[in-house]
Amino acid sequence: MPAFPEAARKALADTQLRRNLAHATGTIRAKREAVVGEVAEWEELRLAGAAIKDNTLRRLDEHLLTLEASLQARGATVHWARDAAEACEIVARIAHGHGIDEVVKVKSMATQEIGLNEALAAHGVTAWETDLAELIVQLGDDLPSHILVPAIHRNRAEIREVFRRGMADAGRPAPPGLSDEPAELAAAARLHLREKFLRARMAVSGANFAVAESGTLVVVESEGNGRMCLTLPEVLVSVVGIEKVVPTFADLDVFLQLLPRSSTGERMNPYTSTWSGVTPGDGPQEMHVVLLDNGRTRALADEVGRQALRCIRCSACLNVCPVYERTGGHAYGSVYPGPIGAILNPLLKGVGVDEQTDSLPYASTLCGACFEACPVRIDIPEVLVHLRAKVVDAHREGVPKPEAVAMKSAAWLLSDARRLGLAERGLGVANRALTRFGRRVLPGGRRALGRLPWPGSLWTNARDLPAPPRESFRAWWRKGGRP
Amino acid sequence: MKVAVMVTCINDSLFPDTGKSVFRLLRRLGVDADFPAAQTCCAQPMVNTGYLDEAVPVVRTFVDAFAGYDAIVTPSGSCAGSVRHQHSIVARRAGEERLASAAPRVYELSEFLVDVLGVTDVNAYFPHRATYHPTCHSLRMLGVGDKPLRLLREVRGLDLVELPAAAECCGFGGTFAVKNAETSTAMGADKARHVRGTGAEVLVAGDSSCLLHIGGLLSRERSGVRVMHLADVLASTEEEA
């Protein structure tokens, strides 16, 4: 995967993509703003959500052991997975143990994070996504580009094509004469998926929350497809990030208010499914829970970065991010795109590992819109700056990059007013040279510089630059200049 | 009250007239402010790019330059935000508590005028159609709210028109403008389009860096729209017009 600036270039040139994104994020932004505005105590709810998560993370080990015990007491089997490979191995082993070669899936970020579908395929097990947007992505042999709306980059005409081309290979073909009307597209997906719900003997889910005291897992969704997966098959495997634990059932109260308003702009989500272990004669008769670390303890060890583990995957930060709106999710090279992805990926993987991960903390203007929208008050700009420092520190050994040289020189210059004054005198000299040659004039009359050679071109390829002034403020003041 | 103006490195070296405007404005309001000549930069370029070790001596210079002043006024929401929120990070890194000491005394220009001096009518005259871009750090990092607009609404002759999607970032973002030049330009182009749509002759904002970026695009597009710092508009009077 290329570094962010390069990956973004492709998206920036895709007019259809940018139109789709601007339309979709604009719509969901307006919806979110309206329903958040209805809640007088929204700020208190945010503070409560952040506090519950922080307190839980502080004693994560204890809460996880409680969760394990409650789950076991209710007849579930608990597995611990250190990384993606271990987690995938566990799920594949369970499928093989039952002679199962296909599973249905509830939309889940954790299983995407670990590349479960691909891993299962390597074990001869086909995984079918049942969330409508995930189905679009899967049938189109595409990658998700948004946490909540994985196919946000597609419009309905493109979705019709995906269905017509992809459904037949995956099961029931698209109905003949399928149009791009949303109702027809939904009906086609319904027929296609129903076969799979009724046939599958095993389902794989994630969980939005895991309640420690009662051993209850929770999935929040809009379509009901998840509930089909959670109730119909005999075997249910849930892959759950260890940060999903909340101590008590009462804690859900806060999050079930914060999550739907922040994510879909709804007051309440249509389907909230909770399941606790096994109930004879009703629902799955065998239940497994895979508790996944995969870098979470690394993030937890980071004093500033650990707040990212509060994330409830609502995607509000994506929808308000001006960078995401222009580049889309693929540029982030991960299932977690946007502002949260820009901090979560380096926190989970560690910085200094590869160029792509190291580019993510810089994929932001630090405008702060994400922090303002985050329902659990993750100070994303603060973490971004913190991670940038970690990236820089990871590369302090060896030959310095041009940027490091520039920063060191700038710091040397700016540590002493006399040095800065001298440099500014140089700009004055440049002014006199440019007054002779520079032809461009900015609105208002000031002379401007056009295209400069590299590295100035990084600025002047698209933007004029005012010519330096004849005299700096400091020089003017020193001469006794007074307004 | 001993008041110092932190002109900022970008105004000092590239927009000296904005520094002069701040002094002219303050003098008109009866404030005899000083320019501590030892000042350089708030160190935000280093901090925001991740060069914390490099930021330490710059912040040290800053703190020394402004020691002994009761208030530090600056025509930059971004630099005020950096002093208020980032100097503590540098102080922690260096193990020098003193490096965070300027934070409680720094004011962005509109904050100083409205909150400290208690004025919104600064006796300015600026007979142009203008629109205002609330820069991200003024808006969200400092939370200056509508203070700049309250000041602008009192300017005589000014036809202030609303900017669509005003709260959206212009795409400057310090080194983001060169590290992610193409995304930066895409964001700025949308901002410039909204500015043009207002029919304003002048775009006003409280940060020269954002204006440098948006102004650079507006100029390249031959839009005929000029950019001006809030301080320059507020300093304008009938005599000069």
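Note: the structure precedes this text.
Since the model is a prediction, treat every value here as computed from it, not as a measurement. The numbers attached to residues start from 1 for each chain and follow its sequence in the written order. Chains and ligands are labelled sequentially in the order written, the chains with letters from A and the ligands with numbers from 1. Confidence filtering applies because this is a predicted model: local features only for residues at pLDDT of at least 70, side-chain atom pairs given and counted only at 80 or more, and all residues used for totals across whole chains, interfaces and linings. Neither water nor hydrogens contribute to the side-chain values; these are computed over all heavy atoms in the structure.

Q: Can you walk me through the overall build of chain B in this structure?
A: For helices the rule is a DSSP run of H or I covering at least 4 residues; for strands it is a run of E covering at least 2, with both sets numbered from the N terminus onward. Of regular secondary structure, chain B possesses 12 helices and 7 strands. Based on C-alpha atoms, the radius of gyration is set beside the globule rule, defined as 2.2 Å times the residue count to the power 0.38. For chain B, whose C-alpha radius of gyration is 17 Å, the value lies close to the compact-globule estimate of 18 Å for 241 residues. In terms of its C-alpha atoms, chain B occupies a principal-axis envelope of roughly 50 × 45 × 30 Å. For each residue, the accessible area found with a 1.4 Å probe, counting protein chains only, is set against the maximum for its type, and the residue is called buried under 20%, exposed over 50%, and partly exposed in between. Looking at chain B residue by residue over its 241 residues, the buried ones come to 62%. Across chain B, contacts joining residues at least 24 apart in sequence account for 79% of those joining residues at least 6 apart. Computed by Shrake-Rupley with a 1.4 Å probe, the accessible areas treat only the displayed protein chains as cover when residues are assessed. For chain B, the computed accessible surface area is about 8000 Å², with 50% contributed by carbon and sulfur atoms. In summary, the charge assignment counts Lys and Arg as positive and Asp and Glu as negative, without counting His or the chain termini. By convention, the point assigned to a charge is CZ for Arg, NZ for Lys, CD for Glu and CG for Asp. Between the mean site of the 24 positive side-chain charges and the mean site of the 28 negative ones, chain B shows a separation of 2 Å. Residue contacts follow a heavy-atom distance rule, with two residues in contact if any of their heavy atoms lie within 4.5 Å.

Q: Explain the overall build of chain A to me, please; I cannot follow it from the model alone.
A: Counting its regular elements, chain A contains 23 helices and 12 strands. Its C-alpha atoms give chain A principal-axis dimensions of roughly 90 × 55 × 50 Å. Across the 483 residues in chain A, those meeting the buried criterion constitute 56%. Counting only contacts in chain A whose residues sit at least 6 apart along the sequence, the fraction spanning at least 24 positions is 73%. Carbon and sulfur atoms make up 54% of the accessible area of chain A, which totals about 20700 Å². Of note, chain A has its 60 positive side-chain charges centred 12 Å away from the centre of its 57 negative side-chain charges.

Q: Looking at this model, I keep getting lost on the nonpolar core. Mind explaining?
A: Soluble globular proteins tend to bury their nonpolar side chains together. The biggest cluster of nonpolar side chains holds 152 residues, and the ones touching the most others in it are Phe163, Phe209, Ile340 and Ile343 of chain A together with Met6 of chain B. Residue contacts for phenylalanine 163 of chain A: discarding those within four places in its chain leaves Leu132, Leu135, Ile136, Leu139, Ala174, Leu178, Leu185, Ala188 and Ala189 of chain A. The definition of a nonpolar core used throughout is a set of buried Ala, Val, Leu, Ile, Met, Phe, Trp, Tyr and Cys residues joined through side-chain atoms within 4.5 Å. Membership of the second largest hydrophobic core comes to 36 residues, among which are Leu109, Leu113, Val122 and Ala124 of chain B.

Q: Sorry if this is basic, but what is going on with helix 10 (residues 182-199) of chain A here?
A: Each turn of an α-helix holds 3.6 residues, which means side chains three or four residues apart point in the same direction. Residue and element names in this part refer to chain A. Working rule for helices: expected span equals 1.5 Å times residues minus one. The end-to-end C-alpha distance of helix 10, which contains 18 residues, comes to 26 Å, matching closely the 26 Å that a straight helix rising 1.5 Å per residue would cover. For helix 10, the set of buried residues is Leu185, Ala188, Ala189, His192, Leu193, Lys196 and Phe197. On its buried face, helix 10 sits against strand 2 (102-105), strand 3 (126-129), helix 8 (132-139), helix 9 (156-170) and helix 11 (225-231).

Q: Please explain the pairing of strand 2 of chain A as it appears in this structure.
A: It is a general feature of regular strands that their side chains alternate between the two faces of the sheet. Residues and elements named next belong to chain A. Here strand 2 shows two buried faces, one formed by Glu102 and Val104 and the other by Val103 and Lys105. Note: strand 2 against strand 3, 4 bridges, orientation parallel. Bridge assignment links lysine 105 to a residue of strand 3, and that residue is glutamate 129. Judged from the 2 bridges that link them, strand 2 and strand 4 (residues 202-205) form a sheet pairing that is parallel. By the bridge assignment for strand 4, valine 104 is matched with alanine 203. The pairing criterion is simple: DSSP has to find at least two bridges between the two strands.

Q: Explanation requested: the packing of aromatic side chains in the structure shown.
A: To describe a pair of aromatic rings, one takes the distance between the centres and the angle between the planes. All names here are of chain A. Pairing of aromatic rings covers Phe, Tyr and the six-membered ring of Trp, with a centre-to-centre limit of 6.5 Å; geometry is then stacked below 30 degrees between planes, edge-to-face above 60, and tilted otherwise. Counted under the stated rule, the structure contains 12 aromatic pairs over all chains. Consider the rings of phenylalanine 473 and tryptophan 477, whose centres lie 6.0 Å apart with planes at 25 degrees: the pair is stacked. Residue phenylalanine 473 and its partner tryptophan 477 are both found in helix 23 (residues 473-478); the two are separated by 4 residues, about one turn of the helix. For the pair shown, phenylalanine 473 and tryptophan 477 are each scored as buried.

Q: When you look at the pattern of salt bridges in this model, what are you seeing that I'm missing?
A: Any two side chains of opposite charge can pair, so long as their charged atoms come close to each other. In the sections that follow, a salt bridge refers to a side-chain nitrogen of Lys or Arg positioned within 4 Å of a carboxyl oxygen of Asp or Glu. In total, this model carries 48 salt bridges over all chains according to the counting rule given. Between arginine 29 of chain A and glutamate 325 of chain A there is a salt bridge, and its shortest N-O distance comes to 3.0 Å. With arginine 29 of chain A in helix 2 (residues 15-37) and glutamate 325 of chain A in helix 15 (residues 322-327), this pair connects stretches of sequence that are 296 residues apart. Its salt-bridge partner being aspartate 54 of chain A, residue arginine 310 of chain A comes within 2.9 Å of it at the nearest N-O pair. Of the two residues, arginine 310 of chain A sits in the loop between helix 13 (296-300) and helix 14 (316-320) while aspartate 54 of chain A sits in helix 3 (residues 42-58), which places them 256 residues apart along the sequence. By relative accessible area, which is 23% here, aspartate 54 of chain A ends up partly exposed. One salt-bridge network, held together by shared partners, links Asp393, Arg396 and Lys408 of chain A together with Asp53, Glu54 and Arg93 of chain B.

Q: Any chance you could explain helix 20 (residues 402-414) of chain A here in plain terms?
A: Residue and element names in this part refer to chain A. The end-to-end C-alpha distance of helix 20, which contains 13 residues, comes to 18 Å, matching closely the 18 Å that a straight helix rising 1.5 Å per residue would cover. Taken residue by residue, helix 20 has Ala404, Met407, Ala411 and Leu414 as its buried positions. The buried residues of helix 20 all sit within an arc of 100 degrees when viewed along its axis, so they share a single face. What points out from helix 20, more than 90 degrees from its buried face, is the exposed set Pro402 and Trp412. It is the directions from the helix axis to the C-beta atoms whose arc is reported.

Q: What is the right way to read the environment of alanine 192 of chain B from this model?
A: Residue and element names in this part refer to chain B. With respect to the secondary-structure elements, alanine 192 resides in helix 10 (residues 181-198). A relative accessible area of 0% means that alanine 192 is categorised as buried. Taking the C-alpha atoms as reference points, alanine 192 and leucine 217, separated by 25 residues in sequence, lie 7.0 Å from one another. Setting aside chain neighbours within four positions, we find alanine 192 in contact with Leu218 and Glu221.

Q: Which parts of the structure should I look at to understand the side chain of serine 208 of chain B?
A: Residue and element names in this part refer to chain B. The residue serine 208 is located in helix 11 (residues 208-220) in this model. Polar contacts involving the side chain of serine 208 include one to the side chain of asparagine 11, which spans 2.6 Å. Residues within four places of serine 208 in sequence aside, it is in contact with Ile10, Asn11, Phe15, Thr18 and His229. Any pair of N or O atoms that falls within 3.5 Å is considered a polar contact. Within protein, one atom must be able to donate a hydrogen and the other to accept it, and sequence-neighbouring residues count only if both atoms are side-chain atoms.

Q: Explanation requested: the environment of valine 290 of chain A in the structure shown.
A: All names here are of chain A. Tracing the chain through its elements places valine 290 in strand 10 (residues 286-292). Taking relative accessible area as the criterion, valine 290 reaches 0% and is therefore assigned buried. C-alpha separation for the pair valine 290 and threonine 77, spaced 213 residues apart in sequence, amounts to 8.5 Å. Leave out the neighbours within four places in its chain, and valine 290 touches His79, Ala81, Ala87, Ile90, Val237, Ser238, Val239 and Val240.

Q: Even after reading the chapter, I still don't get the sheet that holds strand 2 (residues 71-74) of chain B, so can you show me in this structure?
A: The pairing of strands in a sheet happens through backbone hydrogen bonds and is either parallel or antiparallel. All names here are of chain B. Here 3 strands make up an open sheet; going across it, the order is 1-2-3 and the pairing parallel. Two strands close off the open sheet at either side, each with one partner strand: strand 1 (3-5) and strand 3 (106-108). Strand-to-strand twist across the sheet, computed as the mean angle between neighbouring axes with direction ignored, equals 30 degrees. Two elements, strand 2 and strand 3, share 3 bridges in a ladder whose sense is parallel. The convention used is that axes are lines fitted to C-alpha atoms, helices contributing only their stretch in contact, and that angles between N-to-C directions extend from 0 to 180 degrees.

Q: What should I look at first to understand the interface of chain A and chain B in this one?
A: Many structure descriptions define interface size as the accessible area lost when the parts assemble. Across the contact, 66 residues belong to chain A and 67 residues belong to chain B. Computed with a 1.4 Å rolling probe, the buried area is the accessible surface lost when two parts are put together, summed over both parts. Carbon and sulfur atoms supply 60% of the area that chain A and chain B bury against each other, a total of about 5700 Å² over both sides. Counting the contacts that link chain A with chain B gives 10 salt bridges. A salt bridge links lysine 179 of chain B to glutamate 403 of chain A; the nearest nitrogen and oxygen atoms lie 2.2 Å apart. Our count for the contact surface shared by chain A and chain B stands at 30 residue pairs in polar contact (both at pLDDT 80 or more). Amino acid classes used here: Ala, Val, Leu, Ile, Met, Phe, Trp, Tyr, Cys and Pro are nonpolar; Asp, Glu, Lys and Arg are charged; the rest, including Gly, are polar. Taken together, the residues of the side of chain A that touches chain B sort by class into 35 nonpolar, 10 polar and 21 charged.

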